[in-house]
Amino acid sequence: MERKTRQRDAVLAAIEHAGRALSPGEILALAQASVASLNLSTIYRHINALQEEARIVKVLLPGQAARFEAACGDDSARHGGAAHHHHHFHCNGCDRVYALHACPGSMQDLAPAGFVVAAHEITLRGLCADCGRSQAR
């Protein structure tokens, strides 16, 4: 476990308080509000350490750079040791990614006969509330 520092605390706070998945650049901008001297290499070092500690998780969407979000509480104990399963919403307007803490369930019925679904990922795309409001004006 990495020792606790102001920089590490600023990075973790930025991710936890954002309420959405962030790019390293977004993490840097938010964390610099607390520790102005942060740079991108420091952000990547803390991202790697926080992933190893299971405090944050990487979010990968097709055609997008990796983003990072806070791990979802202690749900792993309730899911037999597995990480909390959820999906994401990608806003076409602002390019932000939000966690959707819901799942439609098994996708086995969608698979061809004889196939076995081991996992699934769903990404909804559209406009977030902020972009939807600004477009309606």
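On a predicted model such as this, the values are computed, not experimentally measured, just so you know. Per chain, residues are indexed from 1 in the order of the written sequence. The model is predicted, so local features are restricted to residues of pLDDT at least 70 and side-chain atom pairs to those at 80 or more, both for listing and for counting; the totals for chains, interfaces and linings are taken over all residues. With hydrogens and water stripped out, all remaining heavy atoms of the structure feed into the side-chain values.

Trainee: Can you help me understand the overall build of the protein in this one?
Mentor: Helix and strand definitions here come from DSSP, where helices need a minimum of 4 consecutive H or I residues and strands a minimum of 2 consecutive E residues; each element is numbered from the N-terminal end. Tallying secondary structure elements over the protein gives 5 helices and 5 strands in all. Going from the N terminus to the C terminus, the protein shows its helices and strands as α-α-α-β-β-α-β-β-β-α. Expressed as a percentage of the 137 residues in the protein, the buried residues total 31%. Put simply, 50% of the contacts in the protein that link residues at least 6 apart link residues at least 24 apart. Roughly 8,500 Å² of accessible area belongs to the protein as shown, and the carbon and sulfur atoms make up 53% of that amount. The rule is simple: take the accessible area with a 1.4 Å probe, protein chains only, and divide by the maximum for that residue type; under 20% is buried, over 50% is exposed, in between is partly exposed. Contacts are residue-level and defined by heavy atoms, with any inter-residue pair within 4.5 Å sufficient. In short, Shrake-Rupley with a 1.4 Å probe defines the accessible areas, and a residue's cover is counted only from the protein chains shown.

Trainee: What's the story with the environment of V117 in this structure? I'm lost.
Mentor: Topologically, V117 is positioned in the loop between β4 (97-100) and β5 (123-126). Considering only alpha carbons, one finds V117 and S106, 11 residues apart in sequence, at a separation of 8.3 Å. Contacts of V117, omitting those with residues within four sequence positions, involve M107, Q108 and A111.

Trainee: Which parts of the structure should I look at to understand unusual backbone geometry?
Mentor: Note: most residues except glycine have negative phi, and most peptide bonds are trans. In the Ramachandran plot, A54 falls in the positive-phi region, its phi being about 60° despite a non-glycine side chain. Tracing the chain through its elements places A54 in the loop between α3 (40-52) and β1 (56-59). Judged by relative accessible area, which is 52%, A54 ranks as exposed. The residue D95 is not glycine, and still its phi comes out positive at about 70°. Assignment of secondary structure puts D95 in the loop between β3 (87-91) and β4.

Trainee: Could you clarify how one ought to interpret the confidence of the model for the protein in this entry?
Mentor: Low pLDDT marks stretches whose predicted atomic positions should not be read closely. The pLDDT score gives, residue by residue, the confidence of the prediction method on a 0 to 100 scale. Within the protein, residue pLDDT values average 89, and 90% of them lie at 70 or more. When pLDDT is averaged over each helix and strand of the protein, the minimum, 41, is found for helix α4 (residues 75-78) and the maximum, 98, for helix α2 (residues 24-31). Counting contacts from residues 75-81, a segment whose pLDDT is below 50, to residues more than four positions away or on other chains yields 6 contacts.

Trainee: What's the story with the state of the cysteines in this structure? I'm lost.
Mentor: The term disulfide refers to a covalent linkage connecting the sulfur atoms of a pair of cysteines. When two cysteine sulfur atoms are found within 2.5 Å, that pair is recorded as a disulfide. All told, the structure shown has 0 disulfides when counted by the stated rule. Not engaged in a disulfide, the cysteine C91 finds its nearest cysteine sulfur in C94; these two sulfurs lie 3.6 Å apart.

Trainee: Before we go on, may I ask you to explain the pattern of salt bridges in this structure?
Mentor: The rule for a salt bridge is simple: a side-chain nitrogen of Lys or Arg has to be within 4 Å of a carboxyl oxygen of Asp or Glu. Per the stated rule, a full pass over the model turns up 5 salt bridges. Between R8 and E53 there is a salt bridge, with the nearest N and O atoms lying 2.2 Å from each other. Highlighted residues: R8 in helix α1 (residues 6-18) and E53 in the loop between α3 and β1, separated in sequence by 45 residues. Taking relative accessible area as the criterion, R8 reaches 5% and is therefore assigned buried. The partner of D130 in a salt bridge is R133, with the nearest N and O atoms 2.5 Å apart. Pair noted here: D130 and R133 are both in helix α5 (residues 129-136), with a separation of 3 residues, about one helical turn.

Trainee: How should α2 be read in this particular structure?
Mentor: Note: α-helices contain 3.6 residues per turn, so residues at a spacing of three or four share the same orientation. Every buried residue of α2 is listed here: P24, I27, L28 and A31. One face of α2 carries all of its buried residues, which in axial projection span an arc of 100°. Contacts from the buried residues of α2 go to α1, α3 and β2 (67-70). Arc, as used here, means the arc of the directions from the helix axis to the C-beta atoms.

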